[in-house]
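Remarks on the overall topology
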Amino acid sequence: MTIRKIGLGGGCHWCTEGVFSSLIGVTQVNQGWIASNGENGDFSEAIEVHFEPAVISLTDLIEIHLHTHASTSNHAMRGKYRSAIYAYDDVQFNQASDSLIMLKTSFDKTVITQVYPFKQFKQNKSEFLNYFYTAPDRPFCQTYIQPKISLLLSRFKHHVDQVKVSSRT
């Protein structure tokens, strides 16, 4: 079993963690902050996704990411919530870039998500990890994360771990 890793940032890392923890082929999700290089060297809320490419492809992960955060909105909080894909090597950077170019065509608005080289990850405090699945009835989870899980179930059902999702929603 080959495991790969990709970094994803977009909105709140609690939301992003909940979405990607719900997928078949995702073996681990680390929630925290990721920094890249240069002008994107500041840490921004993000997750690291460990996945089995034989089960779920990088392109599928990127497509799900684009549809489960505001990938077409260049709002004032983009410093904290950078719409990003963080690649761990040059090959992955090129694959992610190619996938992003292909997937952007299915959106009516301009997708602002960018691919960046991964530089560093800082994990969140333990009490905030696995935020959705430890207490899905919290008002934040019901208001912000549950609609994303519902989108997964309607649009990407074949990638969703039905047992995990149905036990918590």
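Scroll up to find the structure this text is about.
Criteria and thresholds
- Every chain's residues receive numbers from 1 upward, in the order its sequence appears when written.
- Residue-level local features of this predicted model are given only where pLDDT is at least 70; pairs of side-chain atoms are given and counted only at 80 or more, and the full residue set underlies all totals for whole chains, interfaces and linings.
- Values shown for side chains rest on all heavy atoms present in the structure; no hydrogens or waters enter the calculation.
- Segments assigned H or I by DSSP are reported as helices when at least four residues long, segments assigned E as strands when at least two residues long, and all are numbered from the N terminus.
- Residues adjacent in sequence count toward polar contacts only when both atoms are side-chain atoms; beyond that, a polar contact is any pair of N or O atoms within 3.5 Å, and within protein one must be able to donate a hydrogen and the other to accept it.
- Put plainly, a pocket is an open set of points on a 1 Å grid over the protein atoms alone with protein on both sides within 12 Å along at least five of seven lines, a cavity is a set where a 1.4 Å probe fits but cannot get out, and a lining residue has an atom within 4 Å of a point.
- Grid points are joined across faces, edges and corners, and a volume is the space filled by probe spheres set on the points.
- Residue burial is assigned from relative accessible area. The probe radius is 1.4 Å, only protein chains are included, and a residue is buried under 20% of its type maximum, exposed over 50%, and partly exposed in between.
- When DSSP locates at least two bridges between a pair of strands, those strands are taken to pair.
- To define axes, lines are fitted to C-alpha atoms, for helices over the stretch in contact only, and angles between the resulting N-to-C directions are given on a 0 to 180 degree scale.
- A crossing counts as left-handed when the near helix is turned anticlockwise from the far one by less than a right angle, and as right-handed when that turn is clockwise.
- Here, two residues are considered to be in contact whenever any of their heavy atoms come within 4.5 Å of each other.
- As a working rule, the residues Ala, Val, Leu, Ile, Met, Phe, Trp, Tyr, Cys and Pro are called nonpolar, Asp, Glu, Lys and Arg charged, and the rest polar, with Gly in that last group.
- Buried residues of nine kinds, namely Ala, Val, Leu, Ile, Met, Phe, Trp, Tyr and Cys, make up a nonpolar core once their side-chain atoms join them within 4.5 Å.

**Notes on the side chain of Ser 83**
Examined against the element boundaries, Ser 83 turns out to sit in the loop between α2 (58-67) and β4 (84-87). For Ser 83, the side chain forms a polar contact with the side chain of His 69, separated by 2.8 Å.

**Notes on the layout of surface pockets**
In this structure, the largest pocket occupies an estimated 160 Å³ of space. What lines the largest pocket is Gly 11, Cys 12, Cys 15, Thr 16, Thr 68, His 69, Tyr 81, Phe 140, Tyr 144 and Lys 148. If you list the elements that add at least two residues to the lining of the largest pocket, you get α1 (13-20) and α5 (139-155). Looking at which element gives the most residues to the lining of the largest pocket, the answer is α5, with 3 residues.

**Some thoughts on the pairing of strand β3 (residues 44-51)**
The buried count for β3 comes to 8 of 8 residues, which makes it a mostly enclosed element. Side chains Ser 44, Ala 46, Glu 48 and His 50 project from β3 onto one buried face, and the interleaved Glu 45, Ile 47, Val 49 and Phe 51 project onto a second face that is buried too. Sheet topology places strand β1 (residues 4-9) next to β3; 5 bridges connect them, and they run antiparallel. Each bridged residue has a counterpart across the sheet, and for Ile 6 the counterpart in β3 is Val 49. Relative to β3, strand β2 (residues 26-35) runs antiparallel, the two being bridged by 8 bridges. Along β3, the bridge assignment pairs Asn 30 with Glu 48.

**Considering the packing of α1 against α5**
At a minimum axis distance of 9 Å, the contact between α1 and α5 shows a crossing angle of 35 degrees. Crossing of α1 against α5: the hand is right-handed. Here α1 contributes Trp 14, Cys 15, Gly 18 and Val 19 to the contact with α5, which in turn contributes Phe 140, Tyr 144, Ile 145, Lys 148, Ile 149 and Leu 152. Here the contact of α1 with α5 is built from residues that sort into 8 nonpolar, 1 polar and 1 charged.

**Examining the nonpolar core**
The tendency in soluble globular proteins is for nonpolar side chains to be buried as a group. Formed by 38 residues in total, the largest nonpolar core has its most connected members in Phe 20, Val 49 and Leu 61. Among the elements that line this core, the one with the most residues is α2, at 5 residues. Not counting residues up to four positions away in its chain, the partners in contact with Val 49 are Arg 4, Lys 5, Ile 6, Leu 8, Phe 20, Val 26, Gln 28 and Leu 61. In terms of nonpolar packing, the next biggest core, distinct from the first, is built from 6 residues, Ile 34, Ala 46, Ala 84 and Tyr 86 among them.

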